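Residue-level structural notes
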Amino acid sequence: MARAKIALIGAGMIGGTLAHVAAREALGDVILFDIAEGTPQGKALDIAEATAVFGSDVALKGANDYADIAGADVCIVTAGVPRKPGMSRDDLIGINLKVMKAVGEGIKAHAPNAFVICITNPLDAMVWALQKFSGLPKEKVVGMAGVLDSARFAYFLAEKTGVSVQDIHAWTLGGHGDDMVPMVRHSTVGGLPLPDAVKAGFLSQDELDAIVDRTRKGGGEIVALLKTGSAFYAPAESAIAMAKSYLLDQKRVLPCAVWLSGEYGLSDLYVGVPALIGAAGVEKVIEFTTNDDEKAMFEKSVASVQGLLQACKDIDASLA
Ligand SMILES: NC(=O)c1ccc[n+]([C@@H]2O[C@H](COP(=O)([O-])OP(=O)(O)OC[C@H]3O[C@@H](n4cnc5c(N)ncnc54)[C@H](O)[C@@H]3O)[C@@H](O)[C@H]2O)c1
Ligand SMILES: O=C(O)C[C@H](O)C(=O)O
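So, how was this worked out
- Residues numbered from 1 in each chain as written.
- Chains lettered and ligands numbered in written order.
- Predicted model: local features only at pLDDT ≥ 70, side-chain atom pairs only at ≥ 80, totals over all residues.
- Heavy atoms only, no water.
- UniProt positions renumbered as here; feature names shortened; annotations may be inferred.
- Contact = heavy atoms within 4.5 Å.
- Salt bridge = Lys/Arg side-chain N within 4 Å of Asp/Glu carboxyl O.
- Helix = DSSP H or I, 4+ residues; strand = E, 2+ residues; numbered from the N terminus.
- Phe/Tyr/Trp six-rings, centres within 6.5 Å; stacked < 30°, edge-to-face > 60°.
- Buried < 20%, exposed > 50% of the residue type's maximum accessible area, 1.4 Å probe, protein only.
- Axes fitted to C-alpha atoms, helices over the stretch in contact; angles between N-to-C directions.
- Parallel < 35°, antiparallel > 145°, perpendicular 65-115°, else oblique.
- Left-handed = near helix turned anticlockwise from the far one by under 90°.
- Nonpolar A, V, L, I, M, F, W, Y, C, P; charged D, E, K, R; others polar.
- Near = heavy atom within 4 Å.
- Polar contact = N/O pair within 3.5 Å; in protein donor to acceptor, adjacent residues only side chain to side chain.
- Areas by Shrake-Rupley, 256 points an atom, 1.4 Å probe, with all protein chains shown as cover.
- Pairing = 2+ DSSP bridges.

**Concerning the UniProt feature "active site" (unreviewed entry) in the chain**
- Per the UniProt record, "active site" (unreviewed entry) is annotated on His176.
- In contact with His176, not counting residues within four places along its chain, are Arg89, Asn121, Leu123, Asp124, Ala145, Leu148 and Asp149.

**So, the pattern of salt bridges**
- Using the criterion set out here, one finds 14 salt bridges in the structure.
- Where Glu25 meets Lys244, a salt bridge forms, and the shortest distance between an N and an O atom there is 2.9 Å. On the criterion of sequence distance, the pair formed by Glu25 in the loop between helix 1 (13–24) and strand 2 (29–33) and Lys244 in helix 9 (residues 233–247) is long-range, its members being 219 residues apart.
- The structure contains a network of salt bridges with shared partners spanning Glu159, Arg214 and Glu221.

**A word on the packing of aromatic side chains**
- Under the criterion given, the structure shown has seven aromatic pairs.
- Geometrically, the ring pair formed by Trp171 and Phe288 is edge-to-face, given 5.6 Å between the ring centres and 85 degrees between the ring planes. You can see Trp171 sitting in the loop between strand 7 (168–169) and strand 8 (172–173) and its partner Phe288 sitting in the loop between strand 14 (281–285) and helix 10 (292–315), a full 117 residues away along the chain. Exposure class is identical for Trp171 and Phe288. Each is buried.

**Observations concerning the packing of helix 1 against helix 2 (residues 39–54)**
- Relative orientation of the contacting elements helix 1 and helix 2 amounts to 25 degrees, with a least axis distance of 10 Å. Taken together, helix 1 and helix 2 sit at an angle that is classed as roughly parallel. Here helix 1 runs over helix 2; the crossing is right-handed. On helix 2, the residues touching Met13, Gly16, Ala19, His20, Ala23 and Arg24 of helix 1 are Lys43, Ile47 and Phe54.
- Tallied by class, residues from the contact of helix 1 with helix 2 come to five nonpolar, two polar and two charged.

**Some points on the side chain of Thr215**
- Relative to the assigned elements, Thr215 resides in helix 7 (residues 205–216).
- Relative accessible area serves as the criterion here: at 0%, Thr215 is assigned to the buried category.

**Regarding the site of ligand 1**
- Surrounding ligand 1, one finds 26 residues, the nearest of these being Met13, Asp34, Val81, Ile119 and Met144.
- Between ligand 1 and the protein, one listed contact pairs an oxygen atom with a side-chain N or O atom of Asp34 at 2.6 Å.
- Between Asn96 and ligand 1, the recorded distance is 3.5 Å, taken from a side-chain N or O atom to an oxygen atom.
- Compared with its free state, where it exposes 860 Å², ligand 1 has 88% of that area covered by protein.
- Of all the secondary-structure elements, those providing two or more residues to the shell around ligand 1 are helix 1 and helix 3 (93–110).
- Here the shell around ligand 1 is composed, by residue class, of 17 nonpolar, eight polar and one charged.

**Examining the pairing of strand 3 (residues 60–63)**
- Two strands pair when backbone bridges link them, and strand 2 and strand 3 are joined in this way by four bridges, in the parallel orientation. Paired with Val30 across the strands is Leu60, a residue of strand 3.

**Re the site of ligand 2**
- The environment of ligand 2 is made up of Arg83, Arg89, Asn121, Leu148, Arg152, His176, Gly219, Val223, Ser230 and Ala231.
- Residue Arg83 places a side-chain N or O atom 2.5 Å away from an oxygen atom belonging to ligand 2.
- With respect to ligand 2, the side chain of Asn121 contributes an N or O atom lying 2.8 Å from an oxygen atom.
- When ligand 2 is considered free in solution it has 260 Å² of accessible area, and contact with the protein chains removes 96% of it.
- Sorting the residues of the shell around ligand 2 by element identifies helix 5 (146–161) and helix 8 (218–226) as the ones contributing at least two each.
- Of the residues in the shell around ligand 2, the class split is three nonpolar, four polar and three charged.

So this is what it looks like as structure tokens:
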């Protein structure tokens, strides 16, 4: 059977890391595409040489021409710019919306059957615009943010409680902004929902509240440390988990930005919710029960996403 073809649109920090992980895990042959000449070719060659060390038979190629992504099974989009200290993700909307237009048209022309994972920020608006510009089926276009946000939540909980990160299941809902909703009642430490974990003495309520706040601001914490860009290892691993679930039909339930048509009482937008990812793309949206507080927080986050969609429509009338 032919190997899967994975097109990485954007060969920057996340794109290069994605190529490395995909090659190392032998997920498929990799095309690294970028507008910068030399960068995708150099990274592809460097990783291709590494395959002789880690023993993987996949092929890697760098490209500046969309024709090279032809027939891709998966496209992971990181093209655009990251934020710098002092900026919010939303400040990237003008420049990255233009990038999504070019990328959407490239995917539409050359890889219309791909499963597309958008990473570019501001995520919920960019994945919405990318679906519109590409015209691909909505169940085949998803955004990566929830896997990253919930991984941060899980890591901070593991660090505080001393429980293996493998026995922590953390969930977040909502847009990929500082008002995302870490789902305290639905997240577990050693099988205990977090309110019960507090009662059992794994951590105090104040410690849990601090972790929720740190999770919401997790992206900014890394931007402030790196100074020249944003997180890339955990974002790349998160998108690989999503790509793997599609390529291997794993049917994992992962928090992703997906198109909603009635779920959670919402329609016509992308926002982060748990979704089952299999060979057909987004096969099911899982609806968490929400209490009044959670509902209010989710609504606030959704309102921020809706504001960004309006801003996109104001910038590009073809999206209205
Ligand atoms: N969704 C998330 O959870 C998440 C996490 C981390 C970063 N991000 C976002 O991902 C994006 C990429 O981050 P990065 O660290 O890889 O940035 P980076 O600057 O290292 O890489 C971006 C690459 O995109 C390329 N590019 C720019 N315009 C292009 C175009 N029109 N076509 C093709 N390529 C183009 C650039 O040449 C560059 O190589 C940023 O917008 C960042 O905010 C999102
Ligand atoms: O915070 C950023 O700008 C990048 C990304 O969205 C993240 O959460 O790491």
